[in-house]
Amino acid sequence: MSGQLTNRYARQILDAARSLIGPEAYRDALRQAGLTRYEEALPPLSPEPGITFEEISAFCQAIRERFGPDGRWMLRRIGHEVLQRDLQAYGWVANLVRLVSGILQAPRERVYNAWQRAAAVVRTETGSSPQVWREGDWVYWENPSCPYCVGVSCAEPCCDLPAGVLEALTAWVLERPVGAIRVIEESCRGRGEPACRYRVEW
Ligand SMILES: [Zn+2]
């Protein structure tokens, strides 16, 4: 039932986390998640599977617990940083796509197209199967095989890392500050629901 993230995808997440939470919290989260093999060096930039969904879920859980009331906010910030790394990797191609779509499309279309592209990346890099659709004024993302809440139980929706990535992606494509975008997690497998589902507002 459970899948794996590619090394290069896991690398972005660990690198973003390391830059934000400090070396001690980072090391402790790796240990809690059974990821001590990455204490000295990040996963390589390769497309092979490297980290299981259980491991990355436990890593997020360790951060949530350590930072208490700020834990979910911290995971959102890590998500924002992950997107910055993705954009660096794609560079001028991404900027060109944004420029052209900005001329041709209404904001909701731009967000929908950007989320569709992101879903294709997530399918490739994790083997999970997010779906993106529009309904009225809103754009939705739903993943019935979300990698971030495997073996996790939470009272409130708790997949804040991918929510943060979607916030930063939406902000980038609309050329708005990330603080102006809100991604709401409406349902979460960590809470016993069948899929993790997000809606975006701006
Ligand atoms: Zn989830």
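Residue indices follow the written sequence of each chain, beginning from 1 at its first position. Per-residue local features of the predicted model are confined to residues with pLDDT of at least 70, and side-chain atom pairs are confined, for both listing and counting, to 80 or more; whole-chain, interface and lining totals are unaffected and use all residues.

The chain appears in an unreviewed UniProt entry as 4-vinyl reductase 4VR domain-containing protein from Thermoflexus hugenholtzii JAD2.

## Some words on the domain arrangement of the chain
When the parts come together, some accessible area is lost, and that loss is often what is quoted as the size of the interface. Along its sequence, the chain is carved into domain 1 (4–69) and domain 2 (92–201). An automatic or database domain assignment is the source of the domain bounds shown. One C-alpha centre belongs to domain 1, the other to domain 2; they are set 21 Å apart. To qualify as a helix, a DSSP run of H or I must reach at least 4 residues; to qualify as a strand, a run of E must reach at least 2; elements of each kind are numbered from the N terminus. For the side of domain 1 that touches domain 2, the secondary-structure elements that each account for two or more residues are β1 (4–6) and α3 (53–66). Sorting elements by how many residues they give to the side of domain 1 that touches domain 2 places α3 first, with 8 residues. Asp, Glu, Lys and Arg are counted as charged, while Ala, Val, Leu, Ile, Met, Phe, Trp, Tyr, Cys and Pro are counted as nonpolar; the rest, among them Gly, fall into the polar class. Among the residues forming the side of domain 1 that touches domain 2, the class breakdown is 6 nonpolar, 3 polar and 2 charged.

## Description of helix α5 (residues 92–104)
For a helix, the expected span equals 1.5 Å multiplied by the residue count minus one. Relative to the 18 Å expected for 13 residues at 1.5 Å per residue, α5 spans 19 Å between its end C-alpha atoms, a close match to the ideal helical length. Every C-beta atom is placed from the backbone, and the number of other C-beta atoms within 10 Å of a residue's own sets its class: buried at 20 or more, exposed at 12 or fewer, partly exposed in between. Summarising burial for α5: 0 of the 13 residues are buried, a small minority.

## Some thoughts on the nonpolar core
Here a nonpolar core is just a set of buried residues of the types Ala, Val, Leu, Ile, Met, Phe, Trp, Tyr and Cys, joined wherever their C-beta atoms sit within 7 Å. By size, the foremost hydrophobic cluster in this structure holds 54 residues, and its most contacted members are Ile56, Ile63, Trp115, Cys159, Leu166 and Leu169. Listed by contribution, the elements that provide at least two residues to this core are α1 (7–21), α2 (23–32), α3, α4 (71–90), α6 (107–126), β4 (138–143), α7 (160–174) and β6 (196–201). It is α7 that provides the largest number of residues to this core, a total of 8 residues. Per-domain counts for this core show at least three residues from each of domain 1 (4–69) and domain 2 (92–201).

## Things to note about the environment of Ser129
Note on placement: Ser129 falls in the loop between α6 and β3 (131–135). For Ser129, a count of 15 C-beta atoms within 10 Å corresponds to the partly exposed category. Put simply, Ser129 and Val183 are 54 residues apart on the chain and 19 Å apart in space, counted from C-alpha to C-alpha. The contact criterion used here is simple: two residues whose C-beta atoms, placed from the backbone, lie within 7 Å are in contact. With residues near it in sequence (within four places) discarded, Ser129 still touches Arg123, Asn143, Pro144 and Ser145.

## Focus: the packing of α2 against α3
All axes are obtained by fitting lines to C-alpha atoms, using only the stretch in contact for helices, and the reported angles, taken between N-to-C directions, cover 0 to 180 degrees. Viewed as axis vectors pointing N to C, α2 and α3 meet at an angle of 130°, and their least axial separation amounts to 8 Å. In terms of orientation, α2 and α3 fall into the oblique class. The element α2 and its partner α3 pack so that their crossing is right-handed. The residues of α3 that touch α2, namely those facing Ala25, Asp28, Ala29 and Gln32, are Ala58, Phe59, Ala62, Ile63 and Arg66. Residues of the contact of α2 with α3, tallied by class, amount to 6 nonpolar, 1 polar and 2 charged. The cut-offs work like this: below 35 degrees is roughly parallel, past 145 is roughly antiparallel, 65 to 115 is roughly perpendicular, and the gaps in between are oblique. Note on convention: near helix rotated counterclockwise from far helix by under a right angle means a left-handed crossing. Clockwise means right-handed.

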